[in-house]
Amino acid sequence: MGNIIINDLWSFLKPEIFIAGGIFIILLADLVIRDNRKAIHFTALIILIAAFASALLQMGTESFIFYLGKGNNHGLLAVDPMSTFIKLITIFSTILIVIFTITSEEFKGSKFKSGEFYTLLFGMLLGMLLLSSGADLIIIYVSLELLSLSSYVLAGFIAGSNRSSEASLKYVIYGATSSGIMLFGISILYGLTGTTNLYAIHTILVSPHVNYLTLGLSILMIFIGIGFKISAVPFHFWTPDVYEGSPLPVTAYLSVASKAAGFALLIRFIKVGFISSVGTNGFWNFYENFDWQLFLIILSIASMTVGNLTALWQNNVKRMLAYSSIAHAGYMLLAIAVLSEKGMLAFLVYIAIYMFMNLGAFYAVMLVANKKGNEEISSFAGLGYKNPYLAFGLSIFLISLTGIPPTGGFIGKLYLFIALLDGDMYWPALIALLNTVISLYYYVRIIKEMYLTKALDDTTIETSKTELTFMFALVAPILVFGIYFTPLVNFCTNFVRILGF
Amino acid sequence: MESMSVGLTHFLVLSSLLFSLGIYGILTRKNAVLVLMGVELVLNSANINFIAFSRFGNFGYDGQLMALFVIVLAAAEAAIALAIVLNIYKSFHNVNVDEIDKLKE
């Protein structure tokens, strides 16, 4: 019996085991290696690459882990293609964040404790990995808190910086409140169904005896916690301040990995808890207890409209990208709102490309901020002449974020619109299209600043060859996927399935 | 039902009151420490729900298990949040949430 559990753990939980072990290894390495800081970055990279490889190897497996026992065939964790995809995304973006950290100017000097930083970063990653496969509300709440608690500290990681401290205070207050409300929602759902397991909740929600009003209330409360993580309107108020104040690598991490984990939770919550079956045409059939489609459409349209319209007035590029990430959460939410397998595919394609383009944009902004010390839009004036390579890379990222061909962002939007039209959602599709046009204005504003505005001073913005190579390593997939996207889409198609559905 | 017996409803009323008080505290208090006390009230109101449902609904021990986890997490959250408040006090010399607004344009 004991052996079976250990075998199960080893065959399905390798990424989590590597990361959890990695936390201890890094803590030890931090104590032992005092003089050579590079060794810690290197150790972190090796552990992450091992975890990424093991996640790749468990592609296609589907199983419960930690069975509840007593003839119960549900488990606490569900390893399935969708969760594996989100694990790949989160681990890969962590690898990129380690490289961000090495080149970040904010993290230079003796004040930066790299051992503590990676311990917290790995704690956050472990929370995301467990969250993406959590099938029980207990483990979902615990891993959500693990993710949040580590990220509160990371947001305020620069010692002595007022902006960073303020960001972490705002993050912890908004985060603790929303997770508290989510917990209250979970307690009501537990009272309604008598179980905390999502798969068991599914079987109980079939019965017509469930009080729809109470159920709706508990769903709304739980959604506050999820909406906070994916920063959807109206739970987005923390996003601009926290993104602006946090150190740039942390901001970039929050905008991609943390969002991906939140979406994984949302998808599993909807698909496992509330749909009766997946139809032959790929659409999800629902019980008549909660109108998920209308709910998600309203939230996603609010997110993209508020995000894009507010981004127009921002003069700080980091803050502008924060609003842009709210808008992108809206697009991804709209892909899920189709409630079909095609919508899921569109979401997976979108988030894979979003990872490259958003991290790339943050990296290019960080290279400028390293030299200028701030991210104001005026710092970008004349960049096209001062450093043509950097300006070219940033332009590609911004064009891709808008969704103009031949970049990957266009493919993400293309699959989103295909899924929307497939689901007969013409009005949401039209609003999303209008939003894309609005977003063009503020993305192009940065490009215009780089190429058409004269620089106010003649400080040079130099970048090392390694930094440029890394940036172009992020530009390459965007351009390649923009033209030759079949492999990416085929790859994503393998990951649409969720355990049991 | 006997006039003196305490049933599920009593616990639910108590937890709803605690929850509302917690939210009220979060929304109205200016001092960050008092805001965090509001958060603790919210978490503990959910705990009362979990234990009451598990006791009166014959749902097994899942609810009580959850309550134990929440107690631990609430302690961890309080530790981290207070450390952050201390950090704020070092740089701003007060902990009033409405006076810490340097990140606005």
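Residues numbered from 1 in each chain as written. Chains lettered and ligands numbered in written order. Predicted model: local features only at pLDDT ≥ 70, side-chain atom pairs only at ≥ 80, totals over all residues. Heavy atoms only, no water.

Engineer: Whenever I open this one, the interface of chain A and chain B confuses me. Can you help?
Structural biologist: Interface size, as often reported, equals the accessible area lost upon joining of the parts. The interface of chain A with chain B comprises 42 residues on the first partner and 41 residues on the second. A buried area of about 3,600 Å², summed over both sides, lies between chain A and chain B, and 73% of it is on carbon and sulfur atoms. If you look at where chain A meets chain B, you find zero salt bridges. Remark: the boundary between chain A and chain B carries four residue pairs in polar contact (both at pLDDT 80 or more). Mapped by element, the contributors of at least two residues to the side of chain A that touches chain B are helix 6 (137-155), helix 7 (162-193) and helix 10 (239-245) of chain A. The leading source of residues in the side of chain A that touches chain B is helix 7 of chain A, at 22 residues. A breakdown of the residues in the side of chain A that touches chain B according to their chemical character gives 19 nonpolar, 16 polar and seven charged. (Contact = heavy atoms within 4.5 Å. Buried area = accessible area lost by both parts, 1.4 Å probe. Salt bridge = Lys/Arg side-chain N within 4 Å of Asp/Glu carboxyl O. Polar contact = N/O pair within 3.5 Å; in protein donor to acceptor, adjacent residues only side chain to side chain. Helix = DSSP H or I, 4+ residues; strand = E, 2+ residues; numbered from the N terminus. Nonpolar A, V, L, I, M, F, W, Y, C, P; charged D, E, K, R; others polar.)

Engineer: Whenever I open this one, the nonpolar core confuses me. Can you help?
Structural biologist: For soluble globular proteins, the rule of thumb is that nonpolar side chains tend to be buried together. Residue and element names in this part refer to chain A. Core analysis: the biggest nonpolar cluster contains 219 residues, and Trp 292, Leu 296 and Phe 347 have the highest contact counts within it. No other element matches helix 14 (residues 341-372), which puts 23 residues into this core. Aside from chain neighbours lying at most four places away, what touches Leu 296 is Phe 223, Ile 270, Leu 333, Ile 336, Ala 337 and Leu 339. (Core = buried A, V, L, I, M, F, W, Y, C linked by side-chain atoms within 4.5 Å. Buried < 20%, exposed > 50% of the residue type's maximum accessible area, 1.4 Å probe, protein only.)

Engineer: Even after reading the chapter, I still don't get helix 4 (residues 81-103) of chain A, so can you show me in this structure?
Structural biologist: Note on helix geometry: an α-helix contains 3.6 residues per turn, so any two residues three or four positions apart are oriented the same way. Here helix 4 of chain A spans 34 Å end to end across 23 residues, near enough to the 33 Å set by a 1.5 Å rise per residue. The buried fraction of helix 4 of chain A is high, at 20 of 23 residues. (Expected span 1.5 Å × (residues − 1).)

Engineer: Help me understand the packing of helix 11 (residues 248-274) of chain A against helix 14 of chain A, please; the structure alone is not making it clear to me.
Structural biologist: The geometry of a pair of packed helices is captured by two quantities: the angle between their axes and the separation between those axes. Residues and elements named next belong to chain A. Two elements in contact, helix 11 and helix 14, have axes whose closest approach is 8 Å; the angle formed by their N-to-C orientations is 170°. Accordingly, the angle class assigned to the pair helix 11 and helix 14 is roughly antiparallel. Here Leu 248, Pro 249, Thr 251, Ala 252, Ser 255, Val 256, Lys 259, Ala 260, Phe 263, Ile 267 and Lys 271 of helix 11 lie close against helix 14, whose contacting residues are Glu 341, Met 344, Phe 347, Ile 351, Tyr 354, Met 355, Asn 358, Leu 359, Phe 362, Val 365 and Met 366. In terms of residue class, the contact of helix 11 with helix 14 is made up of 16 nonpolar, three polar and three charged. (Axes fitted to C-alpha atoms, helices over the stretch in contact; angles between N-to-C directions. Parallel < 35°, antiparallel > 145°, perpendicular 65-115°, else oblique.)

Engineer: Any chance you could explain helix 20 (residues 486-493) of chain A here in plain terms?
Structural biologist: Residues and elements named next belong to chain A. Burial in helix 20 covers these residues: Leu 488, Val 489 and Cys 492. Looking straight down helix 20, one finds that the buried residues subtend no more than 95° of arc, so they occupy a single side. For helix 20, the elements touching its buried residues are helix 4, helix 14, helix 17 (408-422) and helix 19 (465-483). (Arc of directions from axis to C-beta.)

Engineer: Any chance you could explain the pairing of strand 3 (residues 275-278) of chain A here in plain terms?
Structural biologist: On a regular strand, one side chain projects to one face of the sheet and the next to the other, so that they alternate. Residues and elements named next belong to chain A. Here three bridges tie strand 3 to strand 4 (residues 284-286), and the two strands are oriented antiparallel to one another. The residue of strand 4 that forms the bridge with Ser 277 is Asn 285. Between strand 3 and strand 4, which pair antiparallel and follow one another directly, the connecting turn spans five residues, one of which, Gly 282, has a positive phi of 90°. (Pairing = 2+ DSSP bridges.)

Engineer: What should I look at first to understand the packing of aromatic side chains in this one?
Structural biologist: Centre-to-centre distance and the angle between the planes together describe a pair of aromatic rings. Residue and element names in this part refer to chain A. Counted by the stated rule, this structure contains 39 aromatic pairs over all chains. Each ring, one from Phe 223 and one from Phe 295, has its centre 5.0 Å from the other, and the planes form 75°; the classification is edge-to-face. Taken together, the residues Phe 223 in helix 9 (residues 212-230) and Phe 295 in helix 12 (residues 292-311) connect sequence positions 72 residues apart. Of the two residues, Phe 223 and Phe 295, both sit in the buried class. With a centroid separation of 6.3 Å and 55° between ring planes, the pair formed by Phe 356 and Phe 481 is classed as tilted. Taken together, the residues span a long stretch of sequence, with Phe 356 in helix 14 and Phe 481 in helix 19 at a distance of 125 residues. Each of the two residues, Phe 356 as well as Phe 481, counts as buried. Taken together through their ring pairs, the aromatic side chains of Phe 223, Phe 235, Phe 269, Phe 274, Phe 290, Trp 292 and Phe 295 make up a single cluster. Here the guanidinium or amino end of Lys 14 rests over the ring plane of Trp 10, the centre of that ring lying 5.4 Å away. Across from the ring centre of Tyr 331, 4.4 Å away, lies the NZ or CZ of Lys 413, which sits over that ring. (Phe/Tyr/Trp six-rings, centres within 6.5 Å; stacked < 30°, edge-to-face > 60°. Lys NZ or Arg CZ within 6 Å of the ring centre and 35° of its normal.)

Engineer: Would you explain a nonpolar patch on the surface in this entry?
Structural biologist: Judged by side-chain polarity, A:Trp427, A:Leu430, A:Leu433 and A:Leu434 come together as a nonpolar surface patch covering roughly 460 Å² of accessible area. With respect to the helices and strands, the residue A:Trp427 is situated in helix 18 (residues 426-452). (Patch = residues over 30% accessible without salt bridge, like charges linked within 9 Å, V, L, I, M, F, W, Y side chains within 5 Å. Areas by Shrake-Rupley, 256 points an atom, 1.4 Å probe, with all protein chains shown as cover.)

Engineer: Could you clarify how one ought to interpret the packing of helix 13 (residues 317-337) of chain A against helix 18 of chain A in this entry?
Structural biologist: All names here are of chain A. Packing of helix 13 against helix 18 leaves a shortest axis separation of 11 Å and a crossing angle of 160°. What the angle tells us is that helix 13 and helix 18 run roughly antiparallel. Considering the relative orientation of helix 13 and helix 18, their crossing is left-handed. Between helix 13 and helix 18, the residues in contact are Val 317, Met 320, Ser 324, His 328, Tyr 331 and Leu 334 and Pro 428, Ala 432, Asn 435, Thr 436, Tyr 442, Tyr 443, Arg 445 and Ile 446, respectively. The class makeup of the residues in the contact of helix 13 with helix 18 is nine nonpolar, four polar and one charged. (Left-handed = near helix turned anticlockwise from the far one by under 90°.)

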